[in-house]
Amino acid sequence: MSVKIEESWRAALATEYEQPYFQGITAFLKKEIAAGKAIYPPGPLIFNAFNTTPFDQVKVVILGQDPYIKPGEAMGLSFSVPRGIAIPPSLRNIYKELETDIGCEVPKHGDLTHWAGQGVFLLNAALTVEQGNSNSHAKIGWHTFTDAVIKRLSDQRNGLVFMLWGNFAKQKAALIDPFKHLVLEAAHPSPLAGGAFNGCQHFSKANEFLAANGQATIQWCL
């Protein structure tokens, strides 16, 4: 697996690509593909979040757990699906919160590329998954890589907003300097959380923080 990743990210993560764990990820994925297993997202989209939101342009980080497991859904951006694909339940609840928090009309599609282009880094903790098998690649080394990504952002950037939804994402708060960045925590937007995500107001809080720090706000409405 050759790492085709945007230049500022390549520089920020240069030491990671030569590590044994990263080479292990590459070897694992090559073996799985050779065995005929369907891996999501497709190879060119594995680093889509990085290629769409350069390191020096990140303003907000929204952390997901791993890619969608059904054909055609995963596109390398956490919570996002391509246009023409049914909007997943968690994203529907995110849209409901956008509506109540800042008055956005609920979109008819699930493509969050517009956010990514404004500096919203849509990162999954595991960047790949086997079709139909959630968290199947959670232990192949991706978490080591994405923990390094979060730590680089915390250490080398200032004034970022990290949105950590659900218990898994909240564990990543240990990697983030709360004196330099705004860390927002909430229940997961999944329907399994029983609506506990509702009312978190993370989108308005993010924009208030960005504005207070002299940065352009995010146009959340799609």
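Provided above is the structure to which this section pertains.
Residues numbered from 1 in each chain as written. Predicted model: local features only at pLDDT ≥ 70, side-chain atom pairs only at ≥ 80, totals over all residues. Heavy atoms only, no water.

> What's the story with the environment of His109 in this structure? I'm lost.
Of note, His109 is situated in the loop between α4 (89-102) and α5 (113-116). Given the relative accessible area of 13%, His109 is considered buried. Between the alpha carbons of His109 and Gln65 there is a distance of 21 Å; along the sequence they are 44 residues apart. Other than its neighbours up to four places away in sequence, His109 contacts Arg83, Ile87, Tyr95 and Leu222. Polar contacts involving the side chain of His109 include one to the side chain of Arg83, which spans 3.3 Å. Engagement of the side chain of His109 in a polar contact is seen with the backbone nitrogen of Asp111, the distance being 3.1 Å. (Helix = DSSP H or I, 4+ residues; strand = E, 2+ residues; numbered from the N terminus. Buried < 20%, exposed > 50% of the residue type's maximum accessible area, 1.4 Å probe, protein only. Contact = heavy atoms within 4.5 Å. Polar contact = N/O pair within 3.5 Å; in protein donor to acceptor, adjacent residues only side chain to side chain.)

> Please clarify how the sheet that holds strand β2 (residues 60-64) should be interpreted in this entry.
Strand pairing in a sheet relies on backbone hydrogen bonds. The paired strands run either parallel or antiparallel. Taken in spatial order, the four strands make up an open sheet running β3-β2-β5-β6, and their pairing is parallel. Each edge of the sheet is formed by a strand with only one pairing partner; in this case those strands are β3 (120-124) and β6 (182-186). The mean angle between the axes of side-by-side strands here comes to 20°, regardless of whether they run parallel or antiparallel. Of the pairings in the sheet, the one linking strand β5 (residues 161-165) to β6 comprises five bridges and is parallel in character. Looking across to β6, one finds that Met163 is bridged to Leu184. Across the sheet, helix α8 (residues 202-212) lies against β2, β5 and β6, angled at about 165° from β5, the strand it touches most. (Pairing = 2+ DSSP bridges. Axes fitted to C-alpha atoms, helices over the stretch in contact; angles between N-to-C directions.)

> Is there a simple way to think about the layout of surface pockets in this case?
To locate leftover empty space, one rolls a probe as large as a water molecule over the atoms. Estimated volume of the largest pocket: approximately 540 Å³. For the largest pocket, the lining is made up of 25 residues, of which Asp66, Pro67, Tyr68, Ser90 and His188 are closest to its centre. (1 Å grid on protein atoms, 1.4 Å probe; cavity = no way out; pocket = protein on both sides within 12 Å on 5 of 7 lines; lining within 4 Å. Points joined across faces, edges and corners; volume = space filled by probe spheres on them.)

> Could you clarify how one ought to interpret the side chain of Ser78 in this entry?
By the secondary structure assignment, Ser78 is in the loop between β2 and α4. On the basis of relative accessibility, which here comes to 1%, the residue Ser78 falls in the buried class. For Ser78, the residues in contact, after removing those within four places along its chain, are Ile62, Gly64, Leu112, Leu122, Leu123 and Asn124.

> Could you clarify how one ought to interpret the state of the cysteines in this entry?
Note on terminology: a disulfide is the covalent bond linking the sulfur atoms of two cysteines. Per the counting criterion, the structure on display carries one disulfide. Residue pairing for Cys104: its cysteine sulfur links by disulfide to Cys221, the two sulfurs lying 2.1 Å apart. Taking the torsion about the sulfur-sulfur bond, which here is approximately -85°, the covalent link between Cys104 and Cys221 counts as left-handed. Taken together, the residues span a long stretch of sequence, with Cys104 in the loop between α4 and α5 and Cys221 in the segment after α8 at a distance of 117 residues. Here Cys200 stays free of any disulfide, with the sulfur of Cys104 as its closest cysteine sulfur at 13 Å. (Disulfide = S-S within 2.5 Å.)

> How should the pattern of salt bridges be read in this particular structure?
Between side chains of opposite charge, a pair can form when the charged atoms approach closely. A full pass over the atoms with the stated rule returns five salt bridges. Residue Arg152 pairs with Glu16 through a salt bridge whose shortest N-O separation is 3.2 Å. Of this pair, Arg152 sits in helix α6 (residues 142-156) while Glu16 sits in the loop between α1 (7-12) and α2 (20-34); the two residues are 136 residues apart in sequence, bridging distant segments of the chain. Exposure class is identical for Arg152 and Glu16. Each is buried. With a shortest N-O distance of 2.7 Å, Lys172 and Asp147 are connected by a salt bridge. Of this pair, Lys172 sits in the loop between α7 (166-170) and β6 while Asp147 sits in helix α6; the two residues are 25 residues apart in sequence, bridging distant segments of the chain. When its relative accessible area of 8% is taken as the criterion, Lys172 is described as buried. By relative accessible area, Asp147 is classed as partly exposed at 24%. (Salt bridge = Lys/Arg side-chain N within 4 Å of Asp/Glu carboxyl O.)

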